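Notes for the structure review
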Amino acid sequence: MSRKSPNLFLAFQISNPDLISNLRKVHFNCVQKENRLKDFIVPLETAHVTLNVFRVENERLEEAKLILQEAFKLHIKTMTVKAKVVTFKGLDMFDKSVLFAKPDAGIEYLQEIHNVFKKALADNNFTDYGYHTFNPHLTMFQVKGTRENFKAIPTECLKGMENFELGIQEMKELQLLSIPKAKDGSGYYYCEDLYNLAEE
């Protein structure tokens, strides 16, 4: 029996206008170097950093929401990393098929909250689709399943951008987002639930 696809993920949204403006410059610069990349831009309307990816059947959705909220509220009381600002600096790639902006500071908090949610999901038998090693990133281009024999992002796109200061994002809330449901009016993912970081 084949494994079902993930249908939910936890993330924080990128909303800082200055950061988004710099991400737009990355899109522009990369497309200038390789015009075909314009077809593989990840829209900035959906810009986010994923924390956990998993599957919850419909009949357990409300249960999952409750479990994750309880785990989050306990975490807020006991968290060891207080900084909730993430800075992004430079670009990198996964296997020449994904180009992403790199978090430069604030990674410790991302790791901590990732571990909290991962444990809550595992303890309640939800299928986790994350990799063995958590590697937070902000996807800018993604090349997959192409029809034009264009399967690799040129490394030229990284040149001159290795240490580019992209900007910061304050994390005021985390989101439980749906993969299959239609996006909202702004083009962002359908949000099933919120986790308010201001509750601390």
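Residues numbered from 1 in each chain as written. Predicted model: local features only at pLDDT ≥ 70, side-chain atom pairs only at ≥ 80, totals over all residues. Heavy atoms only, no water.

**Here we look at the packing of aromatic side chains**
Summed over all chains, the structure comprises 6 aromatic pairs. On the basis of an interplanar angle of 5° and a centroid distance of 6.4 Å, the ring pair of F72 and F117 is categorised as stacked. A residue pair is termed long-range when its members are at least 10 positions apart, and F72 in helix α2 (residues 61-78) and F117 in helix α3 (residues 107-123) qualify at 45 residues. Look at F72 and you get buried, because its relative accessible area is 0%. Taken together through their ring pairs, the aromatic side chains of F9, Y188 and Y189 make up a single cluster. (Phe/Tyr/Trp six-rings, centres within 6.5 Å; stacked < 30°, edge-to-face > 60°. Helix = DSSP H or I, 4+ residues; strand = E, 2+ residues; numbered from the N terminus. Buried < 20%, exposed > 50% of the residue type's maximum accessible area, 1.4 Å probe, protein only.)

**Quick word on the sheet that holds strand β8 (residues 173-178)**
Taken together, 5 strands build an open sheet; the order of strands is β5-β2-β1-β8-β9 and the sheet is antiparallel. The strands lining the two open edges of the sheet, one partner per strand, are β5 (127-128) and β9 (191-196). The pairing of β8 with β9 spans 5 bridges and is antiparallel. When the sheet's bridge partners are listed, L176 is paired in β9 with D193. Most of the contacts of α2 go to β9, to which it runs at about 15°, and overall it touches β1 (8-13), β2 (48-55), β8 and β9. The strands touched by α3 are β1, β2, β5, β8 and β9; relative to β2, the strand with the most contacts, the crossing angle is about 15°. (Pairing = 2+ DSSP bridges. Contact = heavy atoms within 4.5 Å. Axes fitted to C-alpha atoms, helices over the stretch in contact; angles between N-to-C directions.)

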